[in-house]
Amino acid sequence: MTSVAMPSDGVVEDIVGARVLAGIQMVNISRLSTHPVPITARGLITVAGQGPSDSNGAGKSSFIAGLSLLHADEQWRLQSGAQAAAELLFTAELAGQEAMHANADRGYLIGVFVPPQAATMEELNASALTVWLRINRQSPHVELRWAHRLHVPFGDTEDERAGGADGLWDALPRSNGRTDIRANRLARTLYGSTVRCVSFLSTSVRASPTANLLAQPLNELTPERIFEAIGALTGLTAEIEQEQKSRAEEYEQAGKAERAEAEYELWDGRMKVVEEGIASRERARTLLAEARDSWRGRCARYLVDGFHESERIAVDIEAKDRRRKELDAQIETAGGEADRLSDDKAFDESCRTRIKAYEDLKAAENALQDEQNQNVGSIETLSGQLRGLRADAAAADGRTVEQAEREVSEAEEMIQAAERVKGRTEHALRVAKAALSAAERGEDVAVAQVRLLRANGITAAPLVDTISLTKQQRAAWEARLLPYRHAVVVAHHQVGDAVLLLAALPGSLLVEADPSDHMPETGLPAAGDPDLPVARFLAALAERAGADGHIDPVAGVHGIAGLPEALTGRAGRIRAEADERIREAKRIKGRADAHLRGAKAEAEATAVRDKVTKLRDRNSAIERELIKLDGPLRQAKIGYEAALGEKAARAQQIEAANRTLNTLRKELGENRDQWKALLQLRKDLDLPRLQAQWTGTVETAEQYLLTLDENEAIRPPAEWDELCARLANEVRAACFPPGEPEQNRPEELRVVDEQRADRRSGAYVRLIPDVLRIVGNFLTDHERVDRENASQIQQERQAKTITLTGAKAALDEARRTSEALRSTTAKAIKAKLRQVSDEFDRLDQTYGGYGGNLDFPEPEAPSDPEKPWQWTITPRWRRGEGKPPSSYRLRGNTAQMDDKAVKLVCAAALAGAQDRPLLLVLDELGRNLGAAHRRDAVALFENIGRDRAISVVGALQDDMERYAIGASSLYIKLRRPSDVMPYNQAPVVIGSEADTARVQLLSDWMTSFRPEPQT
């Protein structure tokens, strides 16, 4: 036994090598038999089937899918664990055997590989390699073991071969030390980097990420997908991956150079901040001296100007004192005049008397006019009421209220008498009421029958109560109805039940109600009960009757009419007669009530007329009183208007005197405010503070100003403040640039900044000396540190420059290497694709075409290392002899597309096979071809396979089998004639004339295996 060697780079050796598949055996795979199946090395291998009704259901797709998995076809998604492989296992429910068999938890694909030249039993035994794939329903789905000898299930029956498979698996060594190799390493373990299988399976497998040229029409694939498929067949994928790795290395070196440059720029950025700080502090030292000189000039100007301003303010204060004394005297005089005008009691009393006299008379006049207007409104309202009452009084017909009340009392007595007319005694009254109630319920005729039927839920009524007769109809119809006067009408659908119930009352007579209320003809009696119409019954009586009382001429029956009381409609008559007297009595009472209302309206109208007369008399008296008030009111108005004029003139005099007094008082207040403002202004000058800031006398300040140039000497104080503030801010900003962290400022400076933030407080300028002092101390403390930092930064810049230069040099080297590899790879790809193109041209011309080629321009490599170098291939072929090649994109027939796709796959496989055999697996061989092209397609597969060492395995449909058998190197027919059989019968395997002996040799060899006995 030998095991796989695992080199340090992770590449696994190719244990199959140049061997070819000589036989395959499957255990618990779908419903396939466990018999070994010999496989020829090249040419066309056709797989046919015989199911219960046709070729379907024999397991052809499962058989060729197992072949593709054994050859590590990438369509099984091996890198993802080949989860779909579990679908190949025997499933009882799909086989219709769930009652007798369970699902298989595991199964085996066993392939025996031998060199193609091994031709005897001894040669086969010496070179055999048996590969076991165990397929599990649970993960891991695929496990690999192998043995360098023949090692296959054996036995005479299916059960013996299937039962011994687990033991044979256990006898094999684990392929990966303590564990087994799984699906993700299956291909490279068995076949290395060489593709050994290209398949087109319509079932059991999932889509491959790499395009399959046989999985769909060729003209539906893009040039990019065609290159991916050919690259996988020829091994160009590894070249592309190597180029991508080289680009990744270049990208990595570029990243290192970029990081080195970024680190340098980051360090340089930080150092520039430090250097800018050093330069700013050096600039601040220069600005500090200028700011201190400006502050001294400002202090001198403020002291000199403040001294002269203080002397001027003293003169103004003295002038304000003199004017205040003058205003005090004028205010005293104006106040006495205003008091004299305001304190005239006799004048005020005279005005009040005249005004009050007029207002009293005017109020009396207004009161009389208001009363008069109210009376007029009341008269109008009462007149309207009076008209309505007169209209109502007409109903009294001259009766008084007492007469009308007597009529009402008499009418009420008539109502009571009418209500007692139903009987003179209590016994008679009860009898009448009972009769009335029975009549209203329709129970005075056929009482026993009606009660019995209604008690059992059957709709029923006496016949005579369901019919209404007019006076004209009574003469004829009462005679016709006499024989049925005790009959009962029953609903149409309940007649059967009613007959059964009335069997207990012999002599009962039933009439069946109509199915609908439609009247057969006009002139018949009206239906008194809409729920029980008897129009059909009445129509039959009318048709049977003769003239006069001859009610049945055939039977000779006559009826005698003229009953004193109507035969039909009795219940309604009883109610009408019982209530008619009561209604008449109530009509009489209604007229009496109307007379009473009219008599009361007449009495109320008399009272209203009296009220109207009194109101009119009062309005006449008011007119007389108003005439008497007219003269005194005119005289009082003259005195009232004169008093108002005098009062207005006096008010103007008082207002003028008060206005003069207020003007003087206002001027005095302003004088005092101005005097206080001057005192405060003089105090605000704060000459002692100004002198302290200058640190000298006024005379020395004046002498200092004389030393300044002309512009500085005449500069006003506000400009000195602005200049000093600007210079102080520049010094501060140079030392502490904007955006610098807050903690870098001295605590004392932060406090001063907060105080200066409010410009209105005066601290903005006043604290400038503090700012200059704090900044000056800070600059002195950092002077030595700034010199040392500048020297250190210079040294570090030299070292980092050397590192950056080295990274850029490495990047240049990686770029040159990548470009060289890309150029070499491009040449290799072009050479390989030219080889594929040449093979495609030879195959096409050899097997029925006119030749073709591949167009594959060299693309630009992407800058992103995550993206592969995407090439494209455009197949082209000639449509006729001597014609130029045209693109595969041109629309053509399906047979031609499939023919070119097969040749292209074979050409790519031959170019990339590296002297290793290739297995081409096709499900539903020739499915897109018409009958005329299928024979040519089968011959093409056989010829290419034999000539170029390719094994083409194809599953056949029924209509392909008749001409595929003779054209195949190997014919395999899977058989399952009945659905009741859980597994297939032994397959039929037939080799072509040239391969018959080898097929028999392989079959005998595989069935001869028996394990060596354990010692």
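Structure's up top.
An account of the accompanying structure is given in this report. (Residues numbered from 1 in each chain as written. Predicted model: local features only at pLDDT ≥ 70, side-chain atom pairs only at ≥ 80, totals over all residues. Heavy atoms only, no water.)

### Digging into the pairing of strand β19 (residues 918–922)
Here is step 1: Across the five residues that make up β19, a large majority, five, are buried.
Here is step 2: Looking at chain direction, β19 and strand β20 (residues 950–955) are connected through five bridges and run parallel. From the neighbouring strand, Leu920 faces β20, where its bridge partner is Val952. (Buried < 20%, exposed > 50% of the residue type's maximum accessible area, 1.4 Å probe, protein only. Helix = DSSP H or I, 4+ residues; strand = E, 2+ residues; numbered from the N terminus. Pairing = 2+ DSSP bridges.)

### Comments concerning the packing of aromatic side chains
Here is step 1: Tallied over the full model, the rule gives 11 aromatic pairs.
Here is step 2: Seen from their ring centres, Phe154 and Phe1009 are 6.0 Å apart, and the 70 degrees between their planes marks the pair as edge-to-face. Pair noted here: Phe154 is in the loop between β6 (142–147) and α4 (158–163) and Phe1009 is in the segment after α27 (996–1007), with a separation of 855 residues, a long-range link.
Here is step 3: Sitting above the plane of the Tyr704 ring, Arg296 keeps its charged end 5.6 Å from the centroid. (Phe/Tyr/Trp six-rings, centres within 6.5 Å; stacked < 30°, edge-to-face > 60°. Lys NZ or Arg CZ within 6 Å of the ring centre and 35° of its normal.)

### Remarks on the nonpolar core
One broad rule of soluble globular proteins: the nonpolar side chains tend to lie buried together.
Here is step 1: Counting residues in hydrophobic clusters, the biggest one holds 50 residues, and the most contacted among them are Phe63, Leu69, Trp76 and Leu78.
Here is step 2: The dominant element in this core, judged by the number of residues it contributes, is helix α1 (residues 60–70), at six residues.
Here is step 3: With near-sequence residues (within four places) excluded, Leu78 lies in contact with Leu69, Ala72, Asp73, Ala183, Asn184, Leu186 and Ala187.
Here is step 4: Listed in part, the 47 residues of the second largest apolar core include Leu833, Phe840, Val902 and Leu920. (Core = buried A, V, L, I, M, F, W, Y, C linked by side-chain atoms within 4.5 Å. Contact = heavy atoms within 4.5 Å.)

### Observations concerning the sheet that holds strand β18 (residues 886–887)
Strand pairing in a sheet is mediated by backbone hydrogen bonds. Such pairs are either parallel or antiparallel.
Here is step 1: A sheet is described by the order of its strands in space; here three strands give the open sequence β16-β17-β18, paired in antiparallel fashion. Both outer strands of the open sheet, β16 (852–855) and β18, are each paired with one neighbouring strand and no more.
Here is step 2: Sheet analysis places β16 next to strand β17 (residues 874–877), joined by four bridges and oriented antiparallel. From the neighbouring strand, Leu854 faces β17, where its bridge partner is Pro875.
Here is step 3: Running over the sheet, helix α23 (residues 768–846) touches β16 and β17 and is turned about 155 degrees from β16. (Axes fitted to C-alpha atoms, helices over the stretch in contact; angles between N-to-C directions.)

### Concerning the sheet that holds β6
Here is step 1: The six strands lie next to each other as β2-β1-β4-β5-β6-β7, forming an open sheet whose pairing is antiparallel. Looking at which strands have only one partner, the edges of the open sheet turn out to be β2 (37–38) and β7 (181–182).
Here is step 2: α1 contacts β1 (20–27), β2, β4 (106–114) and β5 (129–136) of the sheet and is inclined by roughly 120 degrees relative to β1.
Here is step 3: Running at roughly 50 degrees to β1, α27 makes contact with β1, β2 and β4 of the sheet.

### So, the pairing of strand β3 (residues 43–50)
A regular strand carries its side chains on alternate faces of the sheet.
Here is step 1: Along β3, seven of the eight residues are buried, which leaves the element largely enclosed by surrounding structure.
Here is step 2: Alignment of β3 against β20, held across five bridges, turns out to be parallel. The partner of Gly43 across the bridge, within β20, is Ser951.

### Focus on empty space enclosed by the protein
Here is step 1: Under the criterion given, the structure shown has two cavities of 30 Å³ or more.
Here is step 2: Size it by volume and the largest cavity reaches roughly 110 Å³.
Here is step 3: What lines the largest cavity is Val20, Leu21, Ile39, Thr40, Ala41, Ile45, His71, Arg196, Pro917, Leu918, Leu919 and Ser951.
Here is step 4: Of the residues that constitute the lining of the largest cavity, the class distribution is eight nonpolar, three polar and one charged.
Here is step 5: Of the volumes computed, that of the second largest cavity is approximately 80 Å³.
Here is step 6: As for the second largest cavity, its lining consists of Ile24, Gln25, Met26, Leu32, Ser33, His35, Val37, Phe63, Leu974, Asn984, Gln985 and Pro987.
Here is step 7: For the lining of the second largest cavity, the elements supplying multiple residues, two or more each, are β1 and β22 (985–991).
Here is step 8: Take the lining of the second largest cavity: its biggest share by element is three residues, from β1.
Here is step 9: Classifying every residue of the lining of the second largest cavity gives seven nonpolar, five polar and no charged. (1 Å grid on protein atoms, 1.4 Å probe; cavity = no way out; pocket = protein on both sides within 12 Å on 5 of 7 lines; lining within 4 Å. Points joined across faces, edges and corners; volume = space filled by probe spheres on them. Nonpolar A, V, L, I, M, F, W, Y, C, P; charged D, E, K, R; others polar.)

### Observations concerning the side chain of His71
Here is step 1: Relative to the assigned elements, His71 resides in the loop between α1 and α2 (92–95).
Here is step 2: What makes His71 buried here is its relative accessible area of 6%.
Here is step 3: Look past the residues within four positions of His71 in its chain and what remains in contact with it is Leu21, Phe113, Tyr191, Arg196, Cys197 and Leu919.

### Description of the packing of helix α8 (residues 236–342) against helix α17 (residues 687–694)
Here is step 1: Running from amino to carboxyl end, α8 crosses α17 at an angle of 150 degrees, the nearest separation of the two axes being 9 Å. When the interaxial angle is binned, α8 and α17 end up roughly antiparallel. When the axes of α8 and α17 are compared, the crossing they make is left-handed. Packed against α8, whose contacting residues are Trp295, Arg296, Arg298, Cys299, Ala300, Tyr302, Leu303, Gly306, Phe307 and Ser310, the element α17 presents Leu687, Leu690, Gln691, Gln693 and Trp694 at the interface.
Here is step 2: Each residue belonging to the contact of α8 with α17 can be placed in one class, and the counts come to nine nonpolar, four polar and two charged. (Parallel < 35°, antiparallel > 145°, perpendicular 65-115°, else oblique. Left-handed = near helix turned anticlockwise from the far one by under 90°.)

### Describing the pattern of salt bridges
Here is step 1: Throughout the structure, instances matching the rule amount to 33 salt bridges.
Here is step 2: Note that Glu282 is salt-bridged to Arg285, the shortest N-O span being 3.1 Å. With Glu282 and Arg285 both in helix α8 and three residues apart, the pair spans about one turn of that helix.
Here is step 3: What makes Glu282 partly exposed here is its relative accessible area of 46%. (Salt bridge = Lys/Arg side-chain N within 4 Å of Asp/Glu carboxyl O.)

### Looking at unusual backbone geometry
Here is step 1: Along the chain, Ser139 connects to Pro140 via a cis peptide bond; the corresponding omega equals 0 degrees.
Here is step 2: For Pro140, the position within the fold is in the loop between β5 and β6.
Here is step 3: Even without being glycine, Ser30 reaches a positive phi, approximately 50 degrees.
Here is step 4: Residue placement: Ser30 occurs in the loop between β1 and β2.

### Thoughts on the side chain of Ser127
Here is step 1: Looking at the secondary structure, you find Ser127 in helix α3 (residues 121–127).
Here is step 2: Of the polar contacts made by the side chain of Ser127, one reaches the backbone oxygen of Glu123; its length is 2.8 Å.
Here is step 3: Every residue in contact with Ser127, bar those within four places of it in the chain, is listed here: Arg19, Phe113, Val114, Pro115 and Ala118. (Polar contact = N/O pair within 3.5 Å; in protein donor to acceptor, adjacent residues only side chain to side chain.)

Such coordinate-based values are descriptive only and should not be taken to indicate function.
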